Amino acid sequence: MSKDPRIKLDWRNPFPHPGTWQQFCIREDNEKLNLNERKQKFLKEESLYYKFRGPDPYSSWLGGGGGGNSFAGNASDGPLSGATVTSNIGAVVTDTLGNFIFPDTPAGDITVTGGTDAITGVAFTGELKGFPQYKTISPMTTLAYHLKEEDASLTADTAVDLLFASSSTLFGIELTVVDKDVMLNKDYVAESIGADSTTAIAAQSIATYLESVTSMVGSAVKGADDSNFTTNNAKVEGYKSIARQIQRTSGAKTEIDPQTLFDVVKLPDGNTWTTTGSLNTDARLNIKTTLTNVRVQLGSLARSEAYSANYLTTQIQAINRGVKEDYAVEADKLAKGQTARFDTVDTMVSKSTGSIAQLESGKSNETTKAEGEKTDIQLYPIGAMTFKQTDKRGTVVAIEGKHVSGSMQVIVANRLILDTKEVVGKYLLKAVSGLTGGGDALTIEGADNYDVRLGDVTATQTTSTQDADGDNAGKVYEFTLSNPSLQIRQVQLIDAPAAGGHIFTTGTYTLSMEDSKVTQVLGINAEPGETTTLSFGSIKGLGIPGGIVVSPDADDSTKFVVAIAKSVVTPRGGTAFSGTGDRSVLLFTYGVNNYTITYTT
């Protein structure tokens, strides 16, 4: 007989039941195993027990459920402890890992209410909805449920498929149908840590984004009209409003627009909502901007393969907690006409990380990038950048000021080369150490002409990407930065420098004179590394019929000497070469006029 009371023995069954997941984990023979090893051993012991015995009412869902027709599932935002799970066959309560079991399989939808997120420690509000086809009741199944409500032609499966097919635009995260098993049938937080699953990390990110939108929108709705809405039904209305917005979008689905969600909110009785309090255009735009920043950050985390699962999960769950404990409170203030202040996502995360439960036994949560970096990585500096913004007339204007700066590194596995924009977009960026203004939030403080009322900002490399050894990796990138947060929203590959060390081989070259709108396209008549002639009929403003000769400087191959072919006069004032790739420029002075040769693809 076993002396450990946590292990059940039965004379009819030579294999003891492993007990609950918590009991199993603290057994002396399991304490030194990592999470994945524990899960595999637990599955084996539970499988052997049920092979001889049958269902046990205390079985944990991690083993795949009991025998017979019992239904075992998991309620997850993060894992919801002490939540009530209701179906047509009754109600049960989740354990500390969000697991629950019904004695039979429900015939209809499943509802989860109450409880506390076991990782963030935040009380759960609203409700999660799910289907017996899927074991995980989560924000994803909740949105699918409300989509099905809005469109009677959808089934549970086709509603889920619609979300997967539209995932890249709705959530900023690409999903495929093969991801269903991890997304909808497993504890995705446990899978993230135990199996180091990128799909499970994506599931966390999507769940957190949906909960972020519904928490903030719900809080604002209640703040504007607490006579009709409670915290719970306002958040439920948030999910319903997303479903209405998606369903009313004809053709391809676009990203969720928090600003217009308020237009489709309905009262709990189904009537049109008209009491919108102080949710004017500015307040709604403020909420949208904040949630867009959250979406960008979560998307970046979901795509990253440069950091450990512990670090990524810590970051995602810190956002989950911060939105509900901080951003939702500020959204409520906005709706009441009070002054609200939303911290940056990074600031919000830093405030929340200390309140996240320990993710791995015997290991602290990783809260900094330095801790989270994997061992098989390289840092590719992508260099200093120039910043531009389009004004109200459609003119592209360079942002200038004493603190305008930015220099980043992309962290990738050693085997990868930064040859496509998809590769750069997949990996998290960090600041180049030791460079002023080179933080993750690119700096344009003190810019004289930066305008927060205009559109997004573009940041373009002024030098080509370098690999870890300083060699030229031959790629130039442009980043689209969401205004005013300056979080990276899009990565675009601009061009690669040509062979031979300079760009004058292919593409289009335009000559322009300072303070003049007159430009002239130039052609190339030489090979890389040789004297290169830019040929044209004449240079307007100079009145000369010759050409421009561009050749490498004898002392510095990264600079070029320009000569006007009229009488081989070297331009006064010298020359300056800037950049490799698209939008690179060659500056020179002739007489009192400044001229620019600009390369574009």
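### What to know about the nonpolar core
- Grouped together as the largest cluster of nonpolar side chains are 115 residues, with contacts concentrated most on Phe171 and Phe479.
- Per-element accounting of this core gives the leading share, 14 residues, to helix α8 (residues 198-224).
- Leaving out residues up to four positions away in the same chain, phenylalanine 479 has contacts with Ile382, Met385, Val424, Leu429, Val457, Thr458, Ala459, Ile488, Gln490 and Val491.

### Things to note about the sheet that holds strand β6 (residues 90-93)
- One open sheet accounts for 4 strands, arranged β6-β5-β8-β10; its pairing is antiparallel. Only two strands of the sheet have a single partner each, and these edge strands are β6 and β10 (127-130). The mean inter-strand angle of the sheet, taken between neighbouring strand axes irrespective of direction, is 20°.
- With 4 bridges joining them, strand β8 (residues 110-113) and β10 adopt antiparallel strand pairing. Its bridge partner being in β10, threonine 111 is matched across the sheet by lysine 129.

### Some thoughts on the confidence of the model for the protein chain
- Confidence in the prediction of the protein chain, expressed as mean pLDDT, is 76, and 68% of residues score 70 or more.
- For the stretch residues 50-67, pLDDT sits under 50, and the model shows 52 contacts to residues farther than four places along the chain or on other chains.
- The low-confidence segment residues 524-531 (pLDDT under 50) makes 21 contacts with residues lying over four places distant or belonging to another chain.

### Some words on the side chain of glutamine 204
- Mapping glutamine 204 onto the fold places it in helix α8.
- Classification of glutamine 204 as buried rests on a relative accessible area of 0%.
- Once residues within four sequence positions are removed from consideration, glutamine 204 is found in contact with Tyr188, Val189, Ser192, Thr313, Ile316 and Gln317.

### Comments concerning the sheet that holds strand β3 (residues 71-75)
- Strand order across the open sheet formed by 3 strands is β7-β3-β11, with mixed pairing between neighbours. Either end of the sheet is taken by a strand with one partner, and the two such strands are β7 (99-102) and β11 (136-137).
- Pairing of β3 with β7 involves 4 bridges; the strand directions are antiparallel. When the sheet's bridge partners are listed, phenylalanine 71 is paired in β7 with phenylalanine 102.

### Here's the deal with the packing of aromatic side chains
- Counted according to the given criterion, the structure contains 6 aromatic pairs.
- Their ring planes at 40° and their centres at 6.3 Å tell us that phenylalanine 71 and phenylalanine 100 sit as a pair that is tilted. Taken together, the residues phenylalanine 71 in strand β3 and phenylalanine 100 in strand β7 connect sequence positions 29 residues apart.
- Geometrically, the ring pair formed by phenylalanine 229 and tryptophan 273 is edge-to-face, given 5.9 Å between the ring centres and 90° between the ring planes. Of the two residues, phenylalanine 229 is situated in the loop between α8 and α9 (231-247) and tryptophan 273 in the loop between α10 (258-261) and α11 (281-303); the sequence distance between them amounts to 44 residues.
- A network of ring pairs unites the aromatic residues Phe71, Phe100 and Phe102 as a single cluster.
- One Lys or Arg, lysine 129, reaches over the ring of tyrosine 145 and ends 4.6 Å from the middle of that ring.

Thresholds, definitions, all that
- Residues numbered from 1 in each chain as written.
- Predicted model: local features only at pLDDT ≥ 70, side-chain atom pairs only at ≥ 80, totals over all residues.
- Heavy atoms only, no water.
- Core = buried A, V, L, I, M, F, W, Y, C linked by side-chain atoms within 4.5 Å.
- Buried < 20%, exposed > 50% of the residue type's maximum accessible area, 1.4 Å probe, protein only.
- Helix = DSSP H or I, 4+ residues; strand = E, 2+ residues; numbered from the N terminus.
- Contact = heavy atoms within 4.5 Å.
- Pairing = 2+ DSSP bridges.
- Axes fitted to C-alpha atoms, helices over the stretch in contact; angles between N-to-C directions.
- pLDDT = per-residue confidence, 0-100.
- Phe/Tyr/Trp six-rings, centres within 6.5 Å; stacked < 30°, edge-to-face > 60°.
- Lys NZ or Arg CZ within 6 Å of the ring centre and 35° of its normal.

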